[in-house]
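Examining the three-dimensional arrangement
Residues per chain, in single letters:
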Amino acid sequence: MKTDTNGMQGWENAVLDGGPADGLRMRVTDRPGVLQVTYPCQVETSSGGIQVEALYVYRRDPRVRSEPLRYGFDGASP
């Protein structure tokens, strides 16, 4: 994990493997164990501002210790 001159942990590059967001790259802090990816769904009728989003879960591969961190699609979640 990168640390700046003030002792604060910095951003790290990460990439998603598999699932609907395969290959998506981002920057994360503190090496989160799980990332959630949402994708908006279209609703047939407007119902008081309600929105529907598909939820996809990606889990960090603990074997990867250098950048880019890797997060694999968890098809069994949530």
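Look up: the structure comes first, before these words.
Presented here is an overview of the structure given in this document. (Residues numbered from 1 in each chain as written. Predicted model: local features only at pLDDT ≥ 70, side-chain atom pairs only at ≥ 80, totals over all residues. Heavy atoms only, no water.)

Turning next to the nonpolar core. Core analysis: the biggest nonpolar cluster contains nine residues, these being Ala 14, Leu 16, Ala 21, Val 28, Leu 35, Val 37, Tyr 58, Leu 69 and Tyr 71. Of all the secondary structure elements, the ones that give two or more residues to this core are strand 1 (11-17), strand 3 (34-41) and strand 5 (69-74). (Core = buried A, V, L, I, M, F, W, Y, C linked by side-chain atoms within 4.5 Å. Buried < 20%, exposed > 50% of the residue type's maximum accessible area, 1.4 Å probe, protein only. Helix = DSSP H or I, 4+ residues; strand = E, 2+ residues; numbered from the N terminus.)

This part covers the packing of aromatic side chains. For the coordinates displayed, the defined rule picks out two aromatic pairs. Between Tyr 58 and Phe 73, the aromatic rings sit 5.5 Å apart at their centres with planes inclined by 55°, giving tilted as the arrangement. Of the two residues, Tyr 58 sits in strand 4 (residues 52-60) while Phe 73 sits in strand 5, which places them 15 residues apart along the sequence. The partly exposed category is assigned to Phe 73, whose relative accessible area is 35%. Counting every residue linked through ring pairs, the aromatic cluster contains Tyr 56, Tyr 58 and Phe 73. (Phe/Tyr/Trp six-rings, centres within 6.5 Å; stacked < 30°, edge-to-face > 60°.)

Okay, the pattern of salt bridges next. Counted according to the given criterion, the structure contains four salt bridges. Among the salt bridges present, the one from Asp 17 reaches Arg 70, with a minimum N-O distance of 2.9 Å. Highlighted residues: Asp 17 in strand 1 and Arg 70 in strand 5, separated in sequence by 53 residues. Across the pair Arg 63 and Asp 61 runs a salt bridge, and its minimum N-O distance is 2.9 Å. Residue Arg 63 is classed as exposed on the basis of its relative accessible area of 69%. (Salt bridge = Lys/Arg side-chain N within 4 Å of Asp/Glu carboxyl O.)

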